[in-house]
Amino acid sequence: MSNGTKDRSGKTPYQTLRERILTLELRPGSVLDEAGLSRQLEVSRTPIREAIIQLIADGLVVREGRSARVAPLDIDDIPPLYDALLISSRMVQRLAAEFRTEADLQIIREKMTLFENAIPSQRGAVLSEANFAFHLAISACANNRYFSEFYERVLIASLRFNRACFSGNVYAVKDTEEHLSVTAEQHRDTLRAIEDKNIEEADRLAVEHHHLARRRLEKVLSMGALSISGKTDLSL
């Protein structure tokens, strides 16, 4: 067993556990057993404990007495979650358009390109992480850590729901291609608005982008394709 901070895959325990939670490999409500995870990942219990603390801060894990469990995923949480996502994304994009620097724009461009390069694979894990990174890059130049921290937390909370929306198993390939094409176009429009310091356009595009994501999630839910309490095929 390694006393280091990385498991045998080369990732930190935090990265590994976060990925397993977001891909639903670790189901909502699953107990995170420190000793078992330590043996499984071949690291000491200290980095496991530190990972759990960070995952609690992210809202992906909850503490129940002496036990830590993967945070529940309740469909009833979707309306308030997406209301919070809409409000925070609008504010973040307005601030980004006002305060961005040339260095900020370069980072946003890089993250946008990473997302576009991932589109042909249609791999949910890669796409959702690339999309997450793009929006975090926008948030980073908003020049307000309180909004940015809240926005990041809401984005993380939405990731498990969003993963279902990128699953080729629950959505036709053609529909997925069209959705991703529109998503990439909206990313480019958003970058352009921020680059031009067009605050009102950045705000409008935040609303448009939010509606795109929410419509897709609602379609997945209407198909009965998203299961959060039992087994479901969300492999990508």
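What you are looking at is a predicted structure, and each value in this text was computed from that prediction instead of being measured.

Calculation notes
Residues numbered from 1 in each chain as written. Predicted model: local features only at pLDDT ≥ 70, side-chain atom pairs only at ≥ 80, totals over all residues. Heavy atoms only, no water. Helix = DSSP H or I, 4+ residues; strand = E, 2+ residues; numbered from the N terminus. Buried < 20%, exposed > 50% of the residue type's maximum accessible area, 1.4 Å probe, protein only. Contact = heavy atoms within 4.5 Å. Areas by Shrake-Rupley, 256 points an atom, 1.4 Å probe, with all protein chains shown as cover. Salt bridge = Lys/Arg side-chain N within 4 Å of Asp/Glu carboxyl O. Pairing = 2+ DSSP bridges. Axes fitted to C-alpha atoms, helices over the stretch in contact; angles between N-to-C directions. Parallel < 35°, antiparallel > 145°, perpendicular 65-115°, else oblique. Left-handed = near helix turned anticlockwise from the far one by under 90°. Core = buried A, V, L, I, M, F, W, Y, C linked by side-chain atoms within 4.5 Å.

Asker: Please clarify how the overall build of the chain should be interpreted in this entry.
Answerer: When its secondary structure is counted, the chain shows 9 helices and 2 strands. The helix and strand sequence of the chain, counted from the amino end, reads α-α-α-β-β-α-α-α-α-α-α. Out of the 236 residues belonging to the chain, those deemed buried represent 44%. The long-range fraction of contacts in the chain, counting pairs at least 24 apart against all pairs at least 6 apart in sequence, stands at 76%. As displayed, the chain has an accessible area near 11,800 Å², and 51% of this comes from carbon and sulfur atoms.

Asker: What's the story with the pattern of salt bridges in this structure? I'm lost.
Answerer: Opposite charge on two side chains lets them pair, provided their charged atoms get close. A full pass over the atoms with the stated rule returns 18 salt bridges. For R204, the salt bridge identified is with E201, shortest N-O distance 2.9 Å. Taken together, the residues span about one helical turn, with R204 and E201 both in helix α9 (residues 199-222) at a distance of 3 residues. Looking at R204, the relative accessible area reads 40%, which means it is partly exposed. For E201, a relative accessible area of 26% puts it in the partly exposed group. Notably, a salt bridge pairs E218 with R214, separated by 3.5 Å at the nearest N-O pair. Of this pair, E218 and R214 are both found in helix α9, 4 residues apart, which corresponds to roughly one turn of the helix. One salt-bridge network, held together by shared partners, links R90, R94, E200 and D203.

Asker: So what exactly am I meant to see when it comes to the pairing of strand β1 (residues 61-64) here?
Answerer: Residues in a regular strand point their side chains to alternate faces of the sheet. Direction of pairing for β1 relative to strand β2 (residues 67-70): antiparallel, over a ladder of 4 bridges. The partner of V61 across the bridge, within β2, is V70. The hairpin turn running from β1 into β2, its antiparallel successor, is 2 residues long, and G65 in that turn takes a positive phi close to 65°.

Asker: Honestly, the packing of helix α4 (residues 78-99) against α9 in this entry has me stumped. Any pointers?
Answerer: Helix-helix packing is characterised by the crossing angle of the two axes and by the distance between the axes. One way to put it is that α4 packs onto α9 with a least axis distance of 8 Å and a crossing angle of 155°. The pairing of α4 with α9 is recorded here as roughly antiparallel in orientation. As α4 runs across α9, the sense of the crossing is right-handed. Taken together, the residues of α9 that come into contact with α4 (itself represented by I78, P79, Y82, D83, L85, L86, S89, R90, Q93, R94, A97 and E98) are I199, E200, A202, D203, L205, A206, V207, H210, R214, L217 and L221.

Asker: Help me understand the environment of A137, please; the structure alone is not making it clear to me.
Answerer: Along the polypeptide, A137 turns up in helix α6 (residues 124-140). Considering only alpha carbons, one finds A137 and M112, 25 residues apart in sequence, at a separation of 9.4 Å. Not counting chain neighbours up to four residues away, the residues in contact with A137 comprise I107, I108 and K111.

Asker: How should the nonpolar core be read in this particular structure?
Answerer: Nonpolar side chains tend to gather and get buried jointly when the protein is soluble and globular. In terms of nonpolar packing, the biggest core is built from 47 residues, with I21, L32, V61, Y82, I108, I138 and F161 touching the most fellow members. If we skip the residues at most four places from it in the chain, V61 touches I21, L32, I52, L55, I56, A68, R69, V70 and A71. Among the nonpolar cores identified, the runner-up in size contains 7 residues, and I119, A130, L180 and A184 belong to it.

Asker: How do you make sense of unusual backbone geometry when you look at a structure like this?
Answerer: What is expected of a backbone is that most residues other than glycine have negative phi and most peptide bonds are trans. Of note, E42 is a non-glycine position whose phi angle comes to about 60°, a positive value. Along the chain, E42 falls in the loop between α2 (34-41) and α3 (45-58). A positive phi is found at K197, a non-glycine position, where the angle reads about 60°. Among the secondary structure elements, K197 is positioned in the loop between α8 (173-195) and α9.

Asker: It is not clear to me how the packing of helix α1 (residues 13-22) against α2 should be interpreted in this structure. Could you clarify?
Answerer: Closest axis-to-axis distance for the α1/α2 pair is 12 Å, and the angle between their directions is 105°. Classified by the interaxial angle, the pair formed by α1 and α2 is roughly perpendicular. Only L37, Q40 and L41 of α2 make contact with α1, whose side of the interface consists of P13, T16, L17 and R20.

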